[in-house]
Structure formats: C-alpha cells, structure tokens
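Spelled out, the chains give:
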Amino acid sequence: MKFSEIYTNFRMAGVAFAAILLSACEYDGNPNKLDDVNPADYAGKVDGYSSSDEIYPNNLIAYWSFDDTKNELVSGTAPTASANDRFVEGGVRGKALDLNAGWVYFAQQFENFKTDNLKSFTISHWVQIENNGSKRTMTFQLARPGMFNGNINIALNTNAFPASDVENLKIQPTFNTIGGGMQDNINTQRDNPGDANYVPYITPRIGADRWVHIVVTYDGTSGTFNIWSNGIKAGAFSSRGVGNNLFNAFEPSEIIIGSNYNGIPGKEVNEDTNFAPMTGRIDEIRVFDVPLPDAHIRSLYNLGLVNQ
C-alpha cells in the first residue's frame, strides 16, 4: 500500500474516532432527567413563592396578621389587654395595627415559647416608626413576669436621633442567657474601614409612611444572633457565644407587643422610664423556631414589597 493511501485511511479513521469521542462527551444539560419547568407555573411569584405563608410553614410558631384581629393565629390566643390601638388600612398585607402610645399584652404562657420548645428563633415584622429623640421603643417582647428584661426584647433606639431624622434607626435586640445574663446585637459601625473586623453602619430609612422590615435570628447551636434590615444583614456583633451565653426561654413567659411592663398601667416592675409605649404601626409578626436561611429572609422582604 502506498504511503498516501495509508495516510488517507489513518486520517479518515481519526475523523471517525473524533466524532465518536465528541458524541460520547456531549454535554447533557439535564443529567438527572428532571421534568421540564413550565414558566407559567412561576408567573406572578416572588422568588418562587406566591405568599409569605409558604415560607417555612412547619416552623411557624406564632403569627399576628392584624387583619381585624389582635389574636395570635397559630394558637388562636386572644390578648389579655390592649390600649390605644386600632386597625388601619395600608398594611404590608391587608390591615395593620396602629399604636398611639399603645400596646397589646398576652398574660398566658404560650406552649411554643416554653423552655424546651424554643432554642432557636426568627422574629420577622414590619414597622412604621419615627425617631423621637427621648424614648426607646419595644416592638416585641417575650416578657418574664415581674422582670424588666424579657427572654427576647426587640428594641429600637428611637431615642438616639431627633424626630426630624429619617435616615437613621438604631436596632438593638437582646436575649436572656442560660447563665442569667444578657446578650445583644446592634446595627452600628464596628472598627474602622480597612480593619479585619470592619462592619459598616447599615440602617433603613424610616418615617410615618414608610414600612421597614426588621428581622432577628438566633441559632441555638452556634450562638449566632443576627439583625436584618430590609433584607440586608445589619448587625455588627453576631457571634454571642455558647455555654452559659446561649439563649434560654425562661418560664413562665408572656408576650407584649409595643411596650414592656413599665408601659402597662399596674404592671410596672421598676422606675426605669427609658422605654415608652409604641407610637407607630406594626404588621405581619411571624415567629419561627429556627433561624431562617438568608435567602428566605430576603424572600419575606421581597414578598412584603408586593403585599404578598
């Protein structure tokens, strides 16, 4: 056989082998043979959800919608007392609770907030609030009878800036620890730009007509305590430690929305006047018994933006 014939045959065999190789290595865009996705199934959805109700429903342990009711809807529990409150249109979903130096108080022990049932948590709520330059605001408290500080205290430092300031809001939640102490986090600047531990100051814009989404999460395994503001992680001191620094839901506990005991006539526990009953609006309080993943916190925010 002539050399030219050998070369031609070899070349043709190489082309055939390359074709087989390319066919064998062709990328399969659906290696797990999953069903095709129908875009129509996701029309009108946000992050794949039709409603905030679809986010971790099996871990939702308390919920206040404030749609013409102050009842906690998971347990169906009605408040013991309330003051200076009304329902108003224009909530994040449906109506909202409007407080004019007001509060809502639940005196009973909720089963889902007992010590053995609550080790980790997420508390999500929307508020319309203004600074006042003089008094702090407690939006939600898992209170301890007769004690100033509750197991969980979502405090807004509305005293830190004058009422004219709509650019800044200090958020400073706290929790009680197994050892009887208290841990907190706050959306403040930590260290200086360029330092390894630098955390910028993150704050929402506020005002009487502006809804702000505030979330706190706590992981009872790692002791991580986070603040979220409008879908952005905002706290500067999230690592709160383990051991005796872990959260503890002491019993008995009660629930106060918009105040602490010192703002409820007849329930005062000391002379502290740093807090005043809430003036503003609150809506869609959701409590979960897990720290929600970051993406789901952002989804709660995004869903709220479109009233879902």
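Residues numbered from 1 in each chain as written. Predicted model: local features only at pLDDT ≥ 70, side-chain atom pairs only at ≥ 80, totals over all residues. Heavy atoms only, no water.

**Considerations on unusual backbone geometry**
Between Glu251 and Pro252 the backbone carries a cis peptide bond, its omega angle lying at -5°. The topology assignment puts Pro252 in the loop between β11 (232-233) and β12 (254-257). Positive phi is not limited to glycine here, since Asn84 has a value of about 55°. For Asn84, the location among the structural elements is in strand β2 (residues 81-88). Non-glycine residue Asp191 carries a positive phi angle of around 60°. (Helix = DSSP H or I, 4+ residues; strand = E, 2+ residues; numbered from the N terminus.)

**Focus: the pairing of strand β6 (residues 152-156)**
Summarising burial for β6: five of the five residues are buried, a large majority. Judged by which residues are buried, β6 turns out to be covered on both faces: Ile152, Ile154 and Leu156 on one side and Asn153 and Ala155 on the other are all buried. Bridging between strand β5 (residues 137-143) and β6 involves five bridges; their strand directions are antiparallel. Among the inter-strand pairings, Phe140 is bridged to a residue of β6, identified as Ile154. Bridge analysis of β6 against strand β7 (residues 174-176) gives two bridges, and the strand direction is antiparallel. Opposite Asn153, over in β7, you have Thr174 as the bridge partner. (Buried < 20%, exposed > 50% of the residue type's maximum accessible area, 1.4 Å probe, protein only. Pairing = 2+ DSSP bridges.)

**Overview of the layout of surface pockets**
Looking at the largest pocket, its volume works out to about 220 Å³. Counting residues per element, the ones that place at least two in the lining of the largest pocket are β3 (96-106), β4 (121-129) and β13 (278-288). Looking at which element gives the most residues to the lining of the largest pocket, the answer is β13, with three residues. Within the lining of the largest pocket, the residues separate by chemical class into five nonpolar, seven polar and five charged. (1 Å grid on protein atoms, 1.4 Å probe; cavity = no way out; pocket = protein on both sides within 12 Å on 5 of 7 lines; lining within 4 Å. Points joined across faces, edges and corners; volume = space filled by probe spheres on them. Nonpolar A, V, L, I, M, F, W, Y, C, P; charged D, E, K, R; others polar.)

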